[in-house]
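# What the coordinates show
Each chain is listed here by its residues.
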Amino acid sequence: MVACGWLVLACTACAGAGGDRAVIHQQDLVGDWANAQGAVMHVAADRTLTAENIDSAEPHWKCSPTVTRAAWQFMVSYSGEGSYSSQTATKGDSFTVDVRPTNVNGEPTDLRCSFSADVRRDDRGYNLCLVEDPDETCTDHELMRKVPAPPR
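So, a few notes on the structure that sits alongside this text. Please read these numbers as outputs of a predicted model, since none were measured by experiment. (Residues numbered from 1 in each chain as written. Predicted model: local features only at pLDDT ≥ 70, side-chain atom pairs only at ≥ 80, totals over all residues. Heavy atoms only, no water.)

### Some words on the nonpolar core
Counting residues in hydrophobic clusters, the biggest one holds 28 residues, and the most contacted among them are L29, M41, L49, F95, L128 and L130. When contributions to this core are tallied by element, the ones reaching two or more residues are strand 4 (40–43), strand 5 (48–52), strand 6 (67–78), strand 9 (94–99), strand 10 (113–122) and strand 11 (125–131). L49 has contacts with M41, H42, V43, V67, T68, R69, A70, W72, F95 and V97, leaving out every residue within four places of it along the chain. (Core = buried A, V, L, I, M, F, W, Y, C linked by side-chain atoms within 4.5 Å. Buried < 20%, exposed > 50% of the residue type's maximum accessible area, 1.4 Å probe, protein only. Helix = DSSP H or I, 4+ residues; strand = E, 2+ residues; numbered from the N terminus. Contact = heavy atoms within 4.5 Å.)

### Details of the state of the cysteines
Counted under the stated rule, the structure contains 2 disulfides. The side chain of C63 participates in a disulfide bridge whose partner is C113; the two sulfur atoms lie 1.3 Å from each other. Taken together, the residues C63 in the loop between strand 5 and strand 6 and C113 in strand 10 connect sequence positions 50 residues apart. One exposure class covers both C63 and C113, and it is buried. Residue C129 pairs covalently with C138 via a disulfide, S to S 1.9 Å. When the S-S torsion is 100°, as for the bridge of C129 with C138, the disulfide is right-handed. Across the pair, exposure class does not vary: C129 and C138 are buried alike. Along the chain, the cysteines engaged in disulfide bonds are linked according to the scheme 1-2, 3-4 when indexed in sequence order. (Disulfide = S-S within 2.5 Å.)

### Notes on the pairing of strand 5
As defined by bridge partners, strand 4 adjoins strand 5 across 4 bridges and the pair is classed as antiparallel. Pairing of V43 across the sheet is with L49, part of strand 5. From the end of strand 4 to the start of strand 5, which pair antiparallel, there are 4 residues, and R47 there has a positive phi angle of about 70°. Bridge count for strand 5 against strand 6 is 3 bridges, and the pairing is antiparallel. Bridge pairing links L49 to A70 in strand 6. (Pairing = 2+ DSSP bridges.)

### Quick notes on unusual backbone geometry
Despite not being glycine, R47 shows a phi value in the positive range, around 70°. Look at R47 and you get buried, because its relative accessible area is 14%. Although it is not a glycine, N53 sits at a positive phi angle of roughly 55°. Of note, N53 is situated in the loop between strand 5 and strand 6. N53 sits in the partly exposed class, given a relative accessible area of 36%.

### Some details on the packing of aromatic side chains
A full pass over the atoms with the stated rule returns 3 aromatic pairs. For the pair W72 and F74, a centre-to-centre distance of 5.2 Å together with 90° between the ring planes defines the contact as edge-to-face. Across this residue pair, the class does not change: W72 and F74 are buried. Relative to F95, the ring of W72 lies with its centre 5.8 Å away and its plane at 70°, an arrangement referred to as edge-to-face. Residue W72 is located in strand 6, and its partner F95 is located in strand 9; the two are separated by 23 residues in the primary sequence. (Phe/Tyr/Trp six-rings, centres within 6.5 Å; stacked < 30°, edge-to-face > 60°.)

### A word on the pattern of salt bridges
Scanning all chains against the criterion turns up 3 salt bridges. Linking R145 and D122 is a salt bridge whose minimum nitrogen-to-oxygen distance equals 2.7 Å. With R145 in strand 12 (residues 144–146) and D122 in strand 10, the pair connects residues that are 23 residues apart, well separated along the chain. The buried category is assigned to R145, whose relative accessible area is 17%. For D122, a relative accessible area of 21% translates into the label partly exposed. By sharing partners, the salt bridges in this structure join R21, D93 and D118 into a single network. (Salt bridge = Lys/Arg side-chain N within 4 Å of Asp/Glu carboxyl O.)

Shown next, in the form of structure tokens:
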């Protein structure tokens with residue numbers, strides 16, 4: 001019985017921050033997400049995204065911490081060998097965000113910024129780990145969690 005307890009503890013430790021990878025449906029992804037450091041992100045059903053203080057969730061972020069409009073797409077795996085971004089997928093275990101910064105006149109610049117978000121699930125529900133490089137991992141402080149909708 002003690003050995004079983006150690007096995008459970010070892011498996012919990014292996015899951016890492018945020019728990020295990022999970023598939024999220026679009027309707028569960030849509031909404032507001034935030035972390036303890038002040039990053040706030042709104043994911044919209046029309047495949048757009050806005051954010052403030054995004055550098056508090058993605059430490060390698062080199063663009064403006066305020067994202068006024070970006071496009072997001074689920075990543076879809078194929079044949080266990082790779083994945084591609086899909087404009088029509090309605091669920092996934094990760095998604096990409098393509099940010100097109102604007103200049104002071106509001107016109108798009110040539111600079112492109114992007115990040116990926118890995119979906120995880122733990123006993124508190126879904127959370128997002130934003131990364132520039134898919135091999136990166138998050139700490140508990142960087143994880144973004146869904147902000148509960150206000151009561152009606």
